[in-house]
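Geometric and topological summary
These are the residues of each chain, in order.
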Amino acid sequence: MRSKLLLLITACSLLAACAGEDIKETGITRERAISIAKSNCPEYPDRFNFVDQAEWVPEKGYWAVLLDDRSRDHGRVYKINRNGEIVGKRDINEAESDYGPGPRGPGWWW
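For clarity, every value in this text was computed on a predicted model and none was experimentally measured.

Quick word on the pattern of salt bridges
The tally for this structure, following the rule as stated, stands at 4 salt bridges. Linking Glu43 and Arg76 is a salt bridge whose minimum nitrogen-to-oxygen distance equals 3.1 Å. Linking Glu43 in the loop between helix H2 (30-40) and strand E1 (50-57) with Arg76 in strand E3 (residues 74-81), this pair joins segments that are 33 residues apart in sequence. For Glu43, a relative accessible area of 25% gives the class partly exposed. Between Asp91 and Arg76 there is a salt bridge, with the nearest N and O atoms lying 2.5 Å from each other. Here Arg76 lies in strand E3 and Asp91 lies in strand E4 (residues 86-93), a separation of 15 residues in the sequence. Residue class for Arg76 comes out buried when judged on its relative accessible area of 10%. In the salt-bridge network here, residues are joined through shared partners; they are Glu43, Arg47, Arg76 and Asp91.

Focus on unusual backbone geometry
Residue Arg72 is not a glycine yet carries a positive backbone phi of 65 degrees. Summarising the element assignment, Arg72 is placed in the loop between strand E2 (62-68) and E3.

Remarks on the sheet that holds E1
Read from one edge to the other, the open sheet built from 4 strands follows the order E1-E2-E3-E4, with strand pairing classed as antiparallel. Each edge of the open sheet carries a strand with a single partner, namely E1 and E4. The sheet shows a mean angle of 15 degrees between the axes of neighbouring strands, direction not considered. Sheet topology places E2 next to E3; 7 bridges connect them, and they run antiparallel. Bridge assignment links Asp68 to a residue of E3, and that residue is Gly75. On the sheet, H2 packs against E1, E2, E3 and E4 and is oriented at approximately 50 degrees with respect to E2.

Examining the environment of Glu31
As for its position among the elements, Glu31 is in helix H2. Put simply, Glu31 and Ala54 are 23 residues apart on the chain and 9.0 Å apart in space, counted from C-alpha to C-alpha.

Describing the environment of Gly27
Its place among the elements puts Gly27 in the loop between helix H1 (2-26) and H2. Given a relative accessible area of 30%, Gly27 falls into the partly exposed group. When the C-alpha positions of Gly27 and Tyr62 are compared, they lie 9.3 Å apart, and in sequence the two are 35 residues distant.

As for the pairing of E3
Of all 8 residues in E3, 7 are buried, a share of seventy percent or more. Pairing of E3 with E4 involves 7 bridges; the strand directions are antiparallel. Residue Val77 lies in a different strand from E4, and its bridge partner there is Arg90. Joining the antiparallel neighbours E3 and E4 is a turn of 4 residues, in which Gly84 adopts a positive phi near 85 degrees.

Calculation criteria
Residues numbered from 1 in each chain as written. Predicted model: local features only at pLDDT ≥ 70, side-chain atom pairs only at ≥ 80, totals over all residues. Heavy atoms only, no water. Salt bridge = Lys/Arg side-chain N within 4 Å of Asp/Glu carboxyl O. Helix = DSSP H or I, 4+ residues; strand = E, 2+ residues; numbered from the N terminus. Buried < 20%, exposed > 50% of the residue type's maximum accessible area, 1.4 Å probe, protein only. Pairing = 2+ DSSP bridges. Axes fitted to C-alpha atoms, helices over the stretch in contact; angles between N-to-C directions. Contact = heavy atoms within 4.5 Å.

Spelled out as C-alpha cells, the structure:
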C-alpha cells in the first residue's frame, strides 16, 4: 500500500514538474492562449466555430491559434505572446492563398 502511494505521489510530482517547464518557456498555457483567441474573435462561435490548431512557435516567441470554419477554407490566426497579449492576427482564405493549393503542413498558417 505504501509503495503504491509513494509511486502515485512521485508520478504526480513529475507530471507537475513537466507542466511547469512548459509554462516557464511559453508564459501561458495552451488552453489560456485558445481562450484569449476565442474571446477576441468577434466571429466566434458563429463563423469561426472551432480551434483547428494551436501551437507554440519558439523562434518567434508566441502562440499561434487558428480558429476555422467547418469547411476549413476560411479562418483567422491569432498570435499571442507569452504575456497573453495579441501581437498579430491574419485571415486565411484557402481559395485566394498566396501559397497555392496543397496540404496543410506544419507551420503554413503562421
